[in-house]
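Listed below are the residues making up each chain.
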Amino acid sequence: MEEPAQDALLERARQADPAALTALYDRYVNKIYSYVYHCVGSAELAEDITGQVFMRMLEAIKAGRPWQTSFFGWLYRIAHNLVIDHYRERSRASFVDIDEAAPVQAHEGDPFQSVETQMNKARLHAALALITEEQAQVITLRFLEGLSIAETAEIMGKTEGAIKALQYRAVLALKRVMEP
Amino acid sequence: MPLSLIELMAQCTDPILAATGINKYLDQHPEHAHVLRPLLETIIVEVQQLRSVPARSAAIANNAAPNA
């Protein structure tokens with residue numbers, strides 16, 4: 001999903017131009033952080049993995065292994081692979097470890113409502129762990145990151161038709177696992 | 001799985017992301033509304049409450065910036 005105006009920036013980044021790399025970092029860091037946070041459910045861990053994403057990006061470019069067609073899709077795939085690596089190391093027993101879950105924040109409103117919200121979030125994270133990895137990814141990209149069908153297809157390396165079908169199955173599966 | 005349901009959900013999820021509501025789309029396809037409405041409500045009621053993301057720590061963010 002690169003815009004024409006970004007082509008020159010990407011070409012400079014491909015040559016490891018420091019200013020171009022910094023500009024790309026500034027442009028994408030919050031998006032990558034948001035995606036990783038939605039996958040792991042911990043701000044601290046998301047910061048750590050986000051830093052690794054950009055280090056991997058830099059290493060790949062310097063090693064002459066940059067993106068082929070889409071920088072945007074390539075960067076998200078690096079992030080996704082690092083998230084998967086994290087869960088493989090942790091044996092993917094659960095989508096979010098209770099010890100890593102964000103603490104309940106001080107809230108100006110009703111504290112019981114705040115706790116209930118946190119519990120609902122934990123329940124949803126647990127439900128996302130019970131559906132397939134691809135289903136969880138499409139729900140995260142579409143409904144948490146707000147990406148289009150086309151953008152999601154680009155990141156996941158699938159056709160738009162495949163993403164539409166996967167999205168349908170993912171929501172169906174999520175509803176089933178969330179039913180009492 | 002009927003293709004029309006897949007396509008219809010794809011059409012209905014864009015208004016969800018745009019926060020413009022789904023009734024207009026479901027009213028045009030009343031034959032599928034009973035299947036799609038609970039699925040779409042799962043997205044609206046359950047999934048979308050996870051959208052908020054805590055702000056990044058400025059100190060950590062600066063440390064994470066790549067140095068070419």
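What you see is a predicted model, and the numbers here were worked out from it, not measured in a lab. (Residues numbered from 1 in each chain as written. Chains lettered and ligands numbered in written order. Predicted model: local features only at pLDDT ≥ 70, side-chain atom pairs only at ≥ 80, totals over all residues. Heavy atoms only, no water.)

Moving on: the interface of chain B and chain A. Listed per partner, the contact involves 34 residues of chain B and 41 residues of chain A. Here chain B and chain A share an interface that buries about 3300 Å² over both sides, 70% of which is from carbon and sulfur atoms. In this assembly, chain B and chain A are joined by 4 salt bridges. Taking the shortest distance from any N to any O, the salt bridge between Lys164 of chain A and Glu7 of chain B comes out at 3.2 Å. Linking chain B to chain A there are 10 residue pairs in polar contact (both at pLDDT 80 or more). Listed by contribution, the elements that provide at least two residues to the side of chain B that touches chain A are helix H1 (3-17), helix H3 (30-46) and helix H4 (58-64) of chain B. With 8 residues, H1 of chain B is the largest single contributor of residues to the side of chain B that touches chain A. Among the residues making up the side of chain B that touches chain A, the classes are represented as 22 nonpolar, 7 polar and 5 charged. (Contact = heavy atoms within 4.5 Å. Buried area = accessible area lost by both parts, 1.4 Å probe. Salt bridge = Lys/Arg side-chain N within 4 Å of Asp/Glu carboxyl O. Polar contact = N/O pair within 3.5 Å; in protein donor to acceptor, adjacent residues only side chain to side chain. Helix = DSSP H or I, 4+ residues; strand = E, 2+ residues; numbered from the N terminus. Nonpolar A, V, L, I, M, F, W, Y, C, P; charged D, E, K, R; others polar.)

Right, let's get into the packing of helix H1 (residues 7-14) of chain A against helix H2 (residues 18-40) of chain A. Angle between the axes and distance between the axes: these two values describe a pair of packed helices. Residue and element names in this part refer to chain A. Taken N-terminus to C-terminus, the directions of H1 and H2 make an angle of 120°; their axes are 8 Å apart at the nearest point. Taken together, H1 and H2 sit at an angle that is classed as oblique. Both H1 and H2 take part in a crossing whose hand is left-handed. Together, Leu9, Leu10, Arg12 and Ala13 of H1 and Ala19, Ala20, Leu21, Ala23, Leu24 and Arg27 of H2 make up the contact between the two elements. Across the contact of H1 with H2, the residue classes break down as 8 nonpolar, no polar and 2 charged. (Axes fitted to C-alpha atoms, helices over the stretch in contact; angles between N-to-C directions. Parallel < 35°, antiparallel > 145°, perpendicular 65-115°, else oblique. Left-handed = near helix turned anticlockwise from the far one by under 90°.)

It is worth spelling out the packing of aromatic side chains at this point. With the rule as written, the count across this model stands at 9 aromatic pairs over all chains. Their ring planes at 75° and their centres at 4.7 Å tell us that Tyr25 of chain A and Phe54 of chain A sit as a pair that is edge-to-face. Here the residue Tyr25 of chain A occupies a position in helix H2, and Phe54 of chain A occupies one in helix H3 (residues 43-62), the gap between them amounting to 29 residues. Comparing Tyr25 of chain A with Phe54 of chain A, the two get one shared label, buried. Counting every residue linked through ring pairs, the aromatic cluster contains Tyr28, Tyr35, Trp67, Phe71, Phe72, Trp74 and Tyr76 of chain A. Between Arg56 of chain B and the ring centre of Tyr33 of chain A, over which it is positioned, the NZ or CZ distance is 5.5 Å. (Phe/Tyr/Trp six-rings, centres within 6.5 Å; stacked < 30°, edge-to-face > 60°. Buried < 20%, exposed > 50% of the residue type's maximum accessible area, 1.4 Å probe, protein only. Lys NZ or Arg CZ within 6 Å of the ring centre and 35° of its normal.)

A few words now on the packing of helix H6 (residues 133-144) of chain A against helix H8 (residues 160-178) of chain A. Residues and elements named next belong to chain A. Across the interface, H6 lies against H8 with an axial gap of 9 Å and an inter-helix angle of 100°. The angle between H6 and H8 falls in the class roughly perpendicular. The residues of H8 that touch H6, namely those facing Glu134, Gln135, Val138, Ile139, Arg142 and Phe143, are Ile163, Leu166, Gln167, Arg169, Ala170, Val171, Ala173 and Leu174. Tallied by class, the residues present in the contact of H6 with H8 amount to 9 nonpolar, 2 polar and 3 charged.

Tracing the chain through its elements places Arg142 of chain A in helix H6. Residue classification places Arg142 of chain A among the buried positions, given a relative accessible area of 0%. A polar atom in the side chain of Arg142 of chain A sits 2.8 Å from the side chain of Thr13 of chain B. Excluding anything up to four places from it in sequence, Arg142 of chain A contacts Leu147, Ser148, Ile149, Thr152 and Gln167 of chain A together with Ala10, Thr13, Asp14 and Leu17 of chain B.

For the rest of this paragraph, the subject is the pattern of salt bridges. Where charged atoms from two side chains of opposite charge come close, those side chains can pair. Counting across every chain of the model gives 8 salt bridges over all chains. Arg12 of chain A serves as the salt-bridge partner of Asp17 of chain A, at 3.4 Å between the closest nitrogen and oxygen. Residue classification places Arg12 of chain A among the partly exposed residues on the basis of a relative accessible area of 41%. With a shortest N-O distance of 3.3 Å, Arg123 of chain A and Glu46 of chain B are connected by a salt bridge. Here Glu46 of chain B lies in helix H3 and Arg123 of chain A lies in helix H5 (residues 111-130), a pairing that spans two chains. For Glu46 of chain B, a relative accessible area of 16% puts it in the buried group.

Across chain A, the average pLDDT comes to 86, with 83% of residues at or above 70. Per-element confidence in chain A is highest for H3 of chain A, whose mean pLDDT is 95, and lowest for H5 of chain A, whose mean pLDDT is 76. (pLDDT = per-residue confidence, 0-100.)

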